[in-house]
Amino acid sequence: MSRSTVDTRTLARRAAEAVDPERVVTLTRDLVRIRSVYEPGGSGSDETEAARFVEATLRQLGLEVRVEEAAPGRPNVIGDWQGAGFVSGESRTLMFEGHTDVVTEGDPSSWTHPPFEAHVENGRIYGRGSADMKAGVAAAIAATEAVARVAPDLAGRIRLGIVADEEGMMLGIKQFIANGWADGVDGAIVCEPEENELCLFQKGAMRVAVTFTGTMSHGAMPYAGVNPIPWLARFVDGIGRFEAAEQARLGEHPYLGLPWLTPTVVRAPRQGEQQLNVMPATAYLALDIRTVPGQDHSRIRQELDVLAGEVRAHDDRAKIEIELIEERPWTETPRDAPVVAALERAYRQVFGQEPIYGGVPGATDGTFLHSLAGVPIVTVGPGDRTIPHQRDEFVEIEEAVRSARLYAAAAVEFLLAD
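Residues numbered from 1 in each chain as written. Predicted model: local features only at pLDDT ≥ 70, side-chain atom pairs only at ≥ 80, totals over all residues. Heavy atoms only, no water.

Colleague: Before we move on, could you go through the sheet that holds strand β5 (residues 124-126) and cite the residues and values that matter?
Modeller: Ordered by their spatial adjacency, 3 strands build an open sheet running β4-β5-β18, and the pairing between neighbours is antiparallel. Of all the strands in the sheet, the pair left with one neighbour each is β4 (120-121) and β18 (394-396). As paired strands, β4 and β5 are joined by 2 bridges and run antiparallel to one another. Across the sheet, residue V120 finds its bridge partner in β5, namely I125. Here helix α10 (residues 397-415) sits on the sheet in contact with β4, β5 and β18, set at roughly 65 degrees to β18. (Pairing = 2+ DSSP bridges. Helix = DSSP H or I, 4+ residues; strand = E, 2+ residues; numbered from the N terminus. Contact = heavy atoms within 4.5 Å. Axes fitted to C-alpha atoms, helices over the stretch in contact; angles between N-to-C directions.)

Laid out in structure tokens, this is it:
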């Protein structure tokens, strides 16, 4: 089946209409009820049960399924559906990407509804992970089911990559790529909560740890030691100046806003007990740096070294160690990428209006699909982008259903494109 033998627009519409709203709701609620919080040394909860649920669901749909561990007890689920007309090396592959892990619920008593009950009220599903991103996973599964039902002879393949550890170091997507599952993927829809806006940009991230080392002494006799805390304060002041300069240089990105260099953790000493009458030997600073197009991460790293040099120039006793813990490049997908064009056509069909575009304020698994595997990505999915990680997290049912319809129509548009 190809564009020459079928009215693609009609088939895309049929795929969107074939999405079962109750299926989207049921899948979302079933997933939310599974407490897939990864807590090392905690309750023992992880992604295993959620991954098993996804695996069983995909097998019931007749997909070819693989389960691989990104780390002990942290499974990735890969499910492939291909139409009867699929030809290896010629037909396209579209990927739906999601994750099974969620952040902690915090104090359950602070929630209006229990965080893993998946309570439905006023057209919303409440619960931890409802928006981030179990509704997105449910929508992707329901969309694949709809496409398989109305276009069994499609000359294309849909790959679902439902991975672990997006909320941590993104071990799941890194292992997915390392194991070759991104090979041959022509475009990916990252199903994160972005209010169903088509997000062609994602902010980059740098996680940096800075350790200042002096000499411990009694607080009454600071001259007997070397206090690292003033060095940290001078360094933070420099970070503020550098941030202001970068914001002035780049201005506000139309979809991502301003770049930020944010001190998030300050501790002295770096480890051990803090005491009022002890001048610590070490001080620790963590930085969460969020970047936009036009910024070079290597230049930022060099600037941090310059700031450390300024501290040492002020006090030659200063010992400063800068560690780049994690780096996630910003991403930009061209408007003329086929996956963008397919989503734009699908958006007009499903929403009856021109697409609304947005930007992802943080990194997603798509960051590595784009930067490591070279896969063109668009991030779009159900959920208010400000609600993840908050108490009383929720997703609008209508929004989740429309996401599934968008995904289904986009899959047909993408896989049948010339």
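Colleague: I'd like a rundown of helix α7 (residues 297-314), residues and numbers included.
Modeller: When the terminal C-alpha atoms of α7 are compared, their 26 Å separation across 18 residues agrees well with the 26 Å that a helix rising 1.5 Å per residue should span. For α7, every residue scored as buried is listed here: H297, I300, L304, L307, A308 and V311. Taken end-on, α7 shows its buried residues confined to a sector of 95 degrees, consistent with a single buried face. More than 90 degrees from the buried face of α7, the exposed residues found are Q302 and A313. (Expected span 1.5 Å × (residues − 1). Buried < 20%, exposed > 50% of the residue type's maximum accessible area, 1.4 Å probe, protein only. Arc of directions from axis to C-beta.)

Colleague: Before we move on, can you summarise helix α5 (residues 171-178) with the specific residues and values?
Modeller: Helical geometry: 3.6 residues make up each α-helical turn, so side chains three or four residues apart lie on a common side. Every buried residue belonging to α5 is among G172, I173, F176 and I177, and all of these are buried. The arc that holds every buried residue of α5, seen down its axis, measures 130 degrees, which confines them to one face. Taken together, the buried residues of α5 touch β1 (64-71), β2 (74-82), β3 (92-99), β6 (156-163) and α9 (366-371). Positive backbone phi, at 90 degrees, marks G180, one or two positions downstream of α5.

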